[in-house]
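# Close look at the chain arrangement
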Amino acid sequence: MTNHLSHALPWNALNEALVVDRRDPNVTSQRLVLHREKVKILNDENDRTGTDNGLAAWKKVQHFARCVATQVEEFRSTDKWRDVDKIDPRDQEAEKTKFDHTSWDNFRNMWCMPEEMSVLCGYIDINMLLLDEKKWRPLLSDRYSLGLQQCKGDTDRGHPDWLAIPLREAFNEGGIRKLDEEVSGILLGHAKKLFQVMYRSPLQDAEKIAKWIALGYGVVEYVLPA
């Protein structure tokens, strides 16, 4: 199934930038790292081959973040709130407020993602799963499961019921259901809702979006001091 805003967001580039770390075959729990490109290292004595330490991949993450920021700002500036106009005028202000994640009034557990981060990472998780299920299903069932747990409202700082309950239909006791047409449709529909929350909440700049991606997926080489 097509990713959300596939014409505007470089999903494939982000998927290529975040790769599964296979350097230690004895580690069964998968984790993500920035893809490292081979480069020639020049010095006075001889040439040798090394890596760019993920710099090119990090630039792809930054580019993706800039694209997200641009799309969020564009949708925000053209939002007509047509979905809200259909309900009783007396309820419209409350309906608008619920899309602002700063209004969710969650218990602020420091071990859970802030709402602006969980909305973004949940949005990315779903699109990555739809793009490359073989790679992302194991990741989202293990080390990187927190984002979707918060999207389902299963943890502190979880998303509110109006947003979370429809997403739960894509899961069973074993985790994410088979990605048939029904489940893929549920996930894509939820991705659209999360994006709607993003452009109806306070704006984040590209630098902050890139930082949330780095923290959410554990690729922090270029955002945290050594």
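Residues numbered from 1 in each chain as written. Predicted model: local features only at pLDDT ≥ 70, side-chain atom pairs only at ≥ 80, totals over all residues. Heavy atoms only, no water.

For the rest of this paragraph, the subject is the overall build of the protein chain. If you tally the helices and strands in the protein chain, you get 10 helices and six strands. Against the globule reference of 17 Å for 226 residues, the protein chain gives a C-alpha radius of gyration of 19 Å, in line with a compact fold. The contacts of the protein chain with a sequence gap of at least 6 include a subset with a gap of at least 24, amounting to 66%. When the accessible surface of the protein chain is split by element, carbon and sulfur atoms take 48% of a total near 12700 Å². Between the mean site of the 32 positive side-chain charges and the mean site of the 36 negative ones, the protein chain shows a separation of 2 Å. (Helix = DSSP H or I, 4+ residues; strand = E, 2+ residues; numbered from the N terminus. Rg over C-alpha atoms; globule rule 2.2 N^0.38 Å. Contact = heavy atoms within 4.5 Å. Areas by Shrake-Rupley, 256 points an atom, 1.4 Å probe, with all protein chains shown as cover. Lys, Arg positive; Asp, Glu negative; His and termini not counted. Charge placed at Lys NZ, Arg CZ, Asp CG, Glu CD.)

For the rest of this paragraph, the subject is the environment of W212. With respect to the secondary-structure elements, W212 resides in helix α10 (residues 206–217). Look at W212 and you get buried, because its relative accessible area is 12%. The spacing of W212 and L120 is 92 residues in sequence and 7.9 Å in space, taken between C-alpha atoms. Setting aside residues up to four positions removed in sequence, W212 forms contacts with P114, E116, M117, L120, C121 and Q204. (Buried < 20%, exposed > 50% of the residue type's maximum accessible area, 1.4 Å probe, protein only.)

Turning next to the layout of surface pockets. Roughly 220 Å³ of volume is contained in the largest pocket. Around the largest pocket sit H4, F75, T78, D79, K80, W81, R82, K192, F195, Q196 and Y199, which together line it. Among the elements of the structure, α2 (55–78) and α9 (181–199) are those that each provide at least two residues to the lining of the largest pocket. If one sorts the elements of the lining of the largest pocket by residue count, α9 sits on top with four residues. The computed volume of the second largest pocket comes to approximately 150 Å³. Every residue lining the second largest pocket is listed: L140, S141, S145, L148, Q149, K152, F171, N172, E173, G174, G175 and I176. Looking at the lining of the second largest pocket, the elements that each hand over two or more residues are α7 (146–151), β5 (171–172) and β6 (175–176). (1 Å grid on protein atoms, 1.4 Å probe; cavity = no way out; pocket = protein on both sides within 12 Å on 5 of 7 lines; lining within 4 Å. Points joined across faces, edges and corners; volume = space filled by probe spheres on them.)

On to the confidence of the model for the protein chain, then. Confidence in the prediction of the protein chain, expressed as mean pLDDT, is 92, and 96% of residues score 70 or more. When mean pLDDT is taken per element in the protein chain, helix α1 (residues 11–17) scores highest with 98 and strand β4 (residues 47–51) scores lowest with 74. (pLDDT = per-residue confidence, 0-100.)

Let's shift gears to the packing of helix α5 (residues 115–131) against helix α6 (residues 133–140). For the pair α5 and α6, interaxial distance at closest approach is 6 Å and the crossing angle is 140°. When the interaxial angle is binned, α5 and α6 end up oblique. The hand of the α5/α6 crossing is left-handed. Each of D125, M128, L129 and L131 in α5 lies in contact with α6, whose residues at this interface are E133, W136, R137 and L140. Taken together, the residues that form the contact of α5 with α6 break down as five nonpolar, no polar and three charged. (Axes fitted to C-alpha atoms, helices over the stretch in contact; angles between N-to-C directions. Parallel < 35°, antiparallel > 145°, perpendicular 65-115°, else oblique. Left-handed = near helix turned anticlockwise from the far one by under 90°. Nonpolar A, V, L, I, M, F, W, Y, C, P; charged D, E, K, R; others polar.)

All told, the structure shown has 13 salt bridges when counted by the stated rule. A salt bridge links D161 to R168; its shortest N-O distance comes to 3.6 Å. Under the relative-accessibility criterion, D161 is labelled partly exposed at 49%. When salt bridges that share partners are traced, they join D79, D83 and R200 into one network. (Salt bridge = Lys/Arg side-chain N within 4 Å of Asp/Glu carboxyl O.)

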